[in-house]
Amino acid sequence: GAVWSWGGGGFGRLLGHGDEQNQLLPKKVEAFADQRVVAVSAGEQHSLATTADGAVWSWGWGGNGRLGHGDEQNQLLPKKVEAFADQRVVAVSAGGDHSFAITADGAVWSWGGGGFGRLLGHGDEQNQLLPKKVEA
């Protein structure tokens with residue numbers, strides 16, 4: 001399916017259109033023109049999507065590693081999270097400062113901001129710039 005976004009595009013709330021413009025009306029995210037998106041999750045300043053092939057895509061403000069690309073760079077356009085290249089992701093959730101995913105084998109993965117009570121499930125308060133499996 002298609003992905004549409006609208007709202008405030010500034011202050012890190014990047015909508016996936018390649019700019020920081022506000023969108024007063026729904027606008028199609030063209031980066032997914034050749035993909036079949038099956039789910040989307042919108043956080044406070046970033047968004048996640050899963051495609052039919054089990055890939056995860058992220059875009060928006062990159063602070064604390066919430067996008068999962070190993071850095072803190074903002075992404076104006078959706079970018080594939082390469083850490084899941086050998087996994088099939090079935091669900092994602094974008095939080096205020098962090099992200100979660102569930103893979104087909106039932107494993108839970110988290111990344112992003114780990115401090116200030118936003119614990120990622122790894123037994124510490126460290127930020128995670130890349131998705132990390134939560135070990136029970």
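To start, this report covers the structure provided alongside it. Quick caveat: nothing in here was measured; it's all calculated off a predicted structure.

Conventions adopted
Residues numbered from 1 in each chain as written. Predicted model: local features only at pLDDT ≥ 70, side-chain atom pairs only at ≥ 80, totals over all residues. Heavy atoms only, no water. Salt bridge = Lys/Arg side-chain N within 4 Å of Asp/Glu carboxyl O. Helix = DSSP H or I, 4+ residues; strand = E, 2+ residues; numbered from the N terminus. Buried < 20%, exposed > 50% of the residue type's maximum accessible area, 1.4 Å probe, protein only. Pairing = 2+ DSSP bridges. Axes fitted to C-alpha atoms, helices over the stretch in contact; angles between N-to-C directions.

Inspection of the entire model under this criterion finds 1 salt bridge. Measuring nitrogen to oxygen at the nearest pair gives 2.5 Å for the salt bridge that ties Arg66 to Asp97. In this pair, Arg66 sits in the loop between β5 (56–60) and β6 (75–80) while Asp97 sits in the loop between β7 (89–94) and β8 (98–103), placing the two residues 31 residues apart along the sequence. The pair formed by Arg66 and Asp97 is uniform in burial state, with each residue classed as buried.

Pairing between the strands of a sheet is mediated by backbone hydrogen bonds and can be parallel or antiparallel. Here we have 4 strands laid out as an open sheet, ordered β3-β4-β5-β6, and antiparallel in their pairing. This sheet does not close on itself; its edge strands, each paired only once, are β3 (37–42) and β6. Strand-to-strand twist in this sheet, taken as the mean axis angle between neighbours without regard to direction, amounts to 15°. Pairing of strand β4 (residues 46–51) with β5 involves 5 bridges; the strand directions are antiparallel. Counterpart to Leu48 in the pairing with β5 is Ser58.

Now for the sheet that holds strand β9 (residues 108–112). The 4 strands are arranged β7-β8-β9-β10 in an open sheet whose pairing can be described as antiparallel. Edge strands, defined here as strands with exactly one partner in the open sheet, are β7 and β10 (128–133). Strand-to-strand, the axes of this sheet are offset by a mean angle of 15°, without reference to chain direction. Where β7 and β8 come together, 5 bridges link them in antiparallel fashion. Bridging across to β8, Val92 finds its partner in Ala101.

Below, the discussion takes up the pairing of β4. Within β4, 6 of the 6 residues are buried, which leaves it mostly tucked inside the rest of the structure. The alternating pattern of β4 places His46, Leu48 and Thr50 on one face and Ser47, Ala49 and Thr51 on the opposite face, and all of these are buried. As paired elements, β3 and β4 share 5 bridges and run antiparallel to each other. The partner of Ala39 across the bridge, within β4, is Thr50. Taking the residues that link successive antiparallel strands as the turn, the β3-β4 hairpin has 3 residues. Hairpin connection from β4 to β5: 4 residues lie between these consecutive antiparallel strands, with Gly54 at a positive phi of about 85°.

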